[in-house]
Amino acid sequence: MSDERTRDRLRADTAERILRAAFERLREHPEAPFSHEIVAEQAGVSARTVYRHFPTQAELVRGVWQQLRDRTGTTWPRTLEAIVPELRALFAQFERNGALTKAMLAAAPRANYAEAGSAEGRAAFREALAPLLAGRPPAAQRQLVAQCLAIYSAPFWQLLRERGQLCAGAAADAAVAAMQAVLAAARSSLPSMSTPTR
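Sequence order as written defines the numbering, with residues in each chain counted from 1. In keeping with the model being predicted, local features are shown solely for residues with a pLDDT of at least 70 and side-chain atom pairs are shown and tallied solely at 80 or more, while totals for entire chains, interfaces and linings include all residues. Remark: hydrogens and water are excluded; side-chain values derive from all non-hydrogen atoms of the structure.

Think of it this way: side chains of opposite charge can pair up when their charged atoms draw near. One side-chain nitrogen of Lys or Arg within 4 Å of one carboxyl oxygen of Asp or Glu is enough to make a salt bridge. A full pass over the atoms with the stated rule returns nine salt bridges. We note a salt bridge from Lys 102 to Glu 162, for which the minimum N-O separation is 3.3 Å. Of the two residues, Lys 102 sits in helix 6 (residues 98-111) while Glu 162 sits in helix 10 (residues 154-163), which places them 60 residues apart along the sequence. For Glu 162, a relative accessible area of 36% gives the class partly exposed. Members of the salt-bridge network, linked through shared partners, are Glu 24, Arg 27 and Glu 28. Secondary structure follows DSSP: runs of H or I at least 4 residues long count as helices, runs of E at least 2 residues long count as strands, and numbering of each begins at the N terminus. Exposure classes here rest on a 1.4 Å probe applied to the protein chains alone. A residue is buried below 20% of its type maximum, exposed above 50%, and partly exposed in between.

Let's shift gears to the packing of aromatic side chains. Two rings belonging to Phe, Tyr or Trp (six-membered ring only in the last case) form a pair when the distance between their centres is within 6.5 Å. Interplanar angles under 30 degrees mark stacking, angles over 60 mark edge-to-face geometry, and anything in between is tilted. Counted by the stated rule, this structure contains five aromatic pairs. When the centroid spacing of 5.5 Å and the interplanar angle of 75° are considered together, the rings of Phe 125 and Tyr 152 count as edge-to-face. One end of the pair, Phe 125, is in helix 7 (residues 113-128); the other, Tyr 152, is in the loop between helix 9 (138-151) and helix 10, and 27 residues separate them in sequence. Comparing Phe 125 with Tyr 152 shows no difference in burial state: the two are buried. Here the aromatic cluster, defined as three or more aromatic residues joined through ring pairs, consists of Trp 76, Phe 125 and Tyr 152.

Among the secondary structure elements, Gln 147 is positioned in helix 9. C-alpha of Gln 147 to C-alpha of Val 182: the two residues are 35 residues apart in sequence and 7.4 Å apart in space.

Quick look at the structure:
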């Protein structure tokens, strides 16, 4: 039994070492090529070992996305009241890790991370927006969740910073204003509870 535990611990340590190396590679050289072989060299392991732990580049990039989220303390809001403050904190994290965030956005299509991350985000926003979703038709619920999810994202940050040409503070303020507008519109269009007539 202890041999099995030792092997499991070694496997986990190796996977962590590979992810650390991949994370550092993207952080230090965001524009440089990124492959299993390059990560293997940086991690001091064989490319075969990297492939054994992360058979596809998509799995490797998803692992690095998770490392980024873990290192930056990035979370999804779980209550309506938490959405705006956590959005501001999220944009601050994007600023502190700007080059890496942009590198991860560039790598995201290869990882299909948008699908996995969005599923988690949709669930979190359904929970946080519960008071505003109640009584709405399913299509309206999905639309509200999608609007919030789009604003609470690295692509929205990048859009505001690069296309919008906004400085860090102005980008965060614009995201907060957009989120507040979406939430205010949702509040004002809450389905009214019908009251019995006499």
